[in-house]
Amino acid sequence: MNALGRVFSIEEFSVFDGPGIRTSVFLKGCNLHCSWCHNPEGQSKDIQIVKSPNGCLNCGACKKAALLLTGKEELCEASVAACPNKLIRISGEDYTAESLCDRLFKNQQFYETSGGGVTFSGGEPLMQSDFILACAKLLRGKVHLALQTAGMCKPEIFDRVLSEMDYVLFDIKLVREERLKRYTGADANIVYRNFDTLVKSGKDFVVRIPLIPGVTDTKENIADIIACLKGYGITYAEAMPYNKMAGAKYTMVGRTYQPDFDPAQDVYIPEKEFSENGIELCIL
Amino acid sequence: MTERIKRLREQIVNGTYQKNRSHKPILQDAETNCRNADEVFLAVLQEEQPYFLEGDRIGFYMYHTKRPKGCGAGNFIPNYGTYLTKGFGGVYKEIKEKMKSASGEEKKFGETAIHLLEGVFEYCNRFKEKAPKELKKALERVPYHAPQSYHEALVLLRICIHLQRMNYTVHVTLGRFDQYMYPFYKMDVQRGVSHDAILELTEEFFLSLNVDTDLYSGVQKGDNGQSMVLGGTDINGNSVFNELSRICMEASLELNLIDPKINLRVSKNTPIELFRFGTELTKQGMGFPQYCNDDVVIPGLIALGYEPEDAHNYGVAACWEYIVPDVSHDIPNVSVMNFPKVVNRAVHENLAEAKSFEAFAECVKMQLEKECDALIESVVYEDKPSVFHSLFFDPCIAHLKDYASGVCKYNNIGFHGVGIANAADAMAAVKKTVFCEKSISPETLKEALDKNFEGFDSLRQSLIDCPKMGNNDDFVDELGGFLMECFSNALACRRDKRGNRIRPGTGSAMFYLWSAEKVGATADGRLAQQAFGCSFSPAITSKLNGPLSVIQSFTKFDMTKIINGGPLTMEIHDTTFRNEFGMMKVAQLVKAFMDMGGHQLQLNAINRDTLLDAQKHPENYKGLIVRVWGWSGYFNELDIGYQNHIIARTEFQVS
């Protein structure tokens, strides 16, 4: 199996992606379309040219270089080197499992001494499940492996990858089927089937709840999530309040940030509701 | 923090006490110039006036803002323990006793010492008359008699510091406070004094270190030498981190002020919980604690010729230089090895003739050795004889000899080492482009460097794309090791003009800016005059994989061989510290660095946006503290060059 993986970032010392000191691999491409996503680079599976707007001299060197190479002004690889302020980069690099794992193994000593390891994140990492499995084959038994997922994939793929993981960070965004569909595009039947498998698998996991104003922090959704967790006897969850800077990266990939909620609204932090129901909610 | 401490802190932060001071010079320059250091000190003793903060129990600040230039020595750790156990009176009597059998120079030394100490007693008496009640009571005993309580010990220590300032000592360090103060802490505990009362006293003492600091600036304000060392391993391998060490950290945490700068001695046996506690301090953003690894430093010092007992007792000078208290008068910062300059010289003078990379590396070694000789030759010893300064070193008291005579047990010198990463990167680029790929000829490279890469954009880019130190890439890290090995070996077989050891180091002090200004474009792609990395750190322009790679790059070399001090400095985004996960992992990161053989580490909790905003709106950031090199300062008070360097360093951000 020579699956190539498309990675948009490798982060060393990613402290909020599982236990201990970890290296997180962010795989490119997502099958959801959450409008609060703070990582638009992760959404498209294509290799993209990313341009940081801060510090741009508007000198036109990037466009000139593109024109020279492709005949069009649309930024391309040549623009990267042309930018005098180094504001342009390529997002998305293809790795073989071997080359990625070589890199990941380099930090092995940190994983061992801190109880850490490697986390596959994204995007939706399960979209590149073959690649994850190829990596797991090389890493398993030597490195603690974690998966950060929204759970939207074929059950057989989920089960297969789950069996190779030591830890899962599972996103619970919305519980009601139609709202989950509307805001993320995910199918609740599949997501909660996979969640059910995870809980019953006996693997270590944590529930991650993005708190989005007016979307996931509503009374109704909080009550739904609590009911869901209580049903499984889960007593701990982590919440990630909406990051008001989430929109910043959209222009970098040539998109306009169009949230389908009011980002200026304050996020409601439902610590009280969770604790009343015997669930500790840790705010990340 | 108690209400009292809050009020005291406020007076200090607002600088209201400063209006009590006089700006009249104690001596005119001409008057200073015709006096020796001890005469200048006596004049200051006679002129100084006591003043106090409201509710002060510590006291002893400079009334005159214009101190005449006296002794001028700095960067050592005085024998506070001697005065704490014997009192100044004990030392006074000891000297008198010794004088009975002394003659010549020694007798003269003793006479001056007696005269000076009597001046000190008179000064303290004068001070006592005006002191607030509690301080007055302490002054009934100290400094003449040995203190009998923690409070009295703090007052005596404060007097030692104040006297050194009066003697124009440049950097007054605090050494191993938790060790020499511990007996007095114990006295109080046995007397039933509460933890809170001891914490409050400690905080008051710490506050006193933040008074007058405007008068003691070094290169920049904040560079005043007030470093304190906590914890450590004794000669039997036991940890000496004690309850008082913990109280010091608590006090620093509550006060959130620049001084004292906390250094933590740690080892492979240090529990993670202590690193976790240290991370609380790091989170404050002041850039300390700085961690020193006993497992590396102690063997390193022993290898340099320090006796094991002394090596185990090490502390740090103003920034990071490992020095021995009480008995040594090392000057750990006399000069600086400019690594990029040496490599650049080899590129210009030797590269064209080098048949292989190994041959080129030999030339770098030769250039480095030449530079060592030149540095040794250029060292200027500025030790101005000063009997009063000598009284802070046990060997001087024991032998009635001035420190400048070399009577101290160790009189070694130290060379900083600046730009190690830039230099290793430059060698790696030469190796890759000139020798491996043969894509650049030595002549073209030289021309490009001479023209500061003007018209050589793509050549420069290919140099920038070469491996950089900090990414755990052996190709370049080994060259960093090679340079350190050369530096270490060169100094191991050389002695300074006085015949003493020269200690190689990895600190940069301000030379990451100062030395860089004098170095033209370098083969790592760095433009002329562009700053080097600070101390033992990657180049500021390097694209880095992350902190784990940086740590591995900088722990590959056997650091015991290059042990003058100089930390790996890393910037970590302040959001990392926002909850227990982040805090614990930072602690684990520090521990991992130590376990891997790192010698010294200094972390900054930093947020570039905050710093940029602070440049635009300084009025909103009056209390913003940053680590500059071996010390922390108020961001607003730094020159723009230092501000920009901090902003330019890579901050590791976690999502």
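Because the structure is a prediction, the values reported are computed rather than measured.

Tell me about the domain arrangement of chain A, and please be specific about residues and values.
Residues and elements named next belong to chain A. Assigned domains of chain A: these are domain 1 (4–47 + 92–283) and domain 2 (48–91). Placing a centre on the C-alpha atoms of domain 1 and another on those of domain 2 gives a separation of 32 Å. In this assembly, 10 residues from domain 1 lie in contact with nine residues from domain 2. Both faces combined, the contact of domain 1 with domain 2 buries some 790 Å², and carbon together with sulfur accounts for 49% of it. It is Glu 41, Ile 47 and Met 252 in domain 1 that bury the most area against domain 2; as a group they hold 58% of the surface buried on that side. The tally of links between domain 1 and domain 2 comes to one salt bridge. The closest approach of N and O atoms between Arg 89 and Glu 41, which form a salt bridge, is 2.7 Å. Taken together, domain 1 and domain 2 are joined by five residue pairs in polar contact (both at pLDDT 80 or more). Grouping the amino acids of the side of domain 1 that touches domain 2 by side-chain chemistry returns four nonpolar, three polar and three charged.

Quick one: what's the story with the packing of aromatic side chains, residue by residue and with numbers?
The relation between two aromatic rings is expressed through the spacing of the ring centres and the mutual angle of the planes. Inspection of the entire model under this criterion finds 36 aromatic pairs over all chains. Plain terms: the ring middles of Phe 357 of chain B and Phe 360 of chain B are 6.0 Å apart, the flat faces sit at 45° to each other, and that makes the pair tilted. Taken together, the residues Phe 357 of chain B and Phe 360 of chain B, both in helix H16 (residues 357–378) and three residues apart, mark about one turn of the helix. Of the two residues, Phe 357 of chain B and Phe 360 of chain B, both sit in the buried class. One aromatic cluster in this structure is built from Phe 158, Phe 170, Phe 195, Phe 205 and Tyr 232 of chain A. The ring of Tyr 216 of chain B has Arg 165 of chain B sitting right over it, with the charged end atom 3.9 Å from the ring centre. Positioned over the ring face of Phe 475 of chain B is Lys 431 of chain B, at 4.9 Å from the centre of the ring.

Would you mind going over the sheet that holds strand E2 (residues 22–27) of chain A in detail, with residue names and values included?
Residues and elements named next belong to chain A. What the nine strands build is an open sheet, ordered E5-E1-E2-E6-E7-E8-E9-E10-E11; its pairing is mixed. Edge positions in the sheet fall to strand E5 (93–96) and strand E11 (280–283), since each of these pairs with one other strand and no more. The mean inter-strand angle of the sheet, taken between neighbouring strand axes irrespective of direction, is 30°. Pairing of strand E1 (residues 4–12) with E2 involves five bridges; the strand directions are antiparallel.

Definitions and cut-offs
- Residues numbered from 1 in each chain as written.
- Chains lettered and ligands numbered in written order.
- Predicted model: local features only at pLDDT ≥ 70, side-chain atom pairs only at ≥ 80, totals over all residues.
- Heavy atoms only, no water.
- Domains from an automatic or database assignment.
- Contact = heavy atoms within 4.5 Å.
- Buried area = accessible area lost by both parts, 1.4 Å probe.
- Salt bridge = Lys/Arg side-chain N within 4 Å of Asp/Glu carboxyl O.
- Polar contact = N/O pair within 3.5 Å; in protein donor to acceptor, adjacent residues only side chain to side chain.
- Nonpolar A, V, L, I, M, F, W, Y, C, P; charged D, E, K, R; others polar.
- Phe/Tyr/Trp six-rings, centres within 6.5 Å; stacked < 30°, edge-to-face > 60°.
- Helix = DSSP H or I, 4+ residues; strand = E, 2+ residues; numbered from the N terminus.
- Buried < 20%, exposed > 50% of the residue type's maximum accessible area, 1.4 Å probe, protein only.
- Lys NZ or Arg CZ within 6 Å of the ring centre and 35° of its normal.
- Pairing = 2+ DSSP bridges.
- Axes fitted to C-alpha atoms, helices over the stretch in contact; angles between N-to-C directions.

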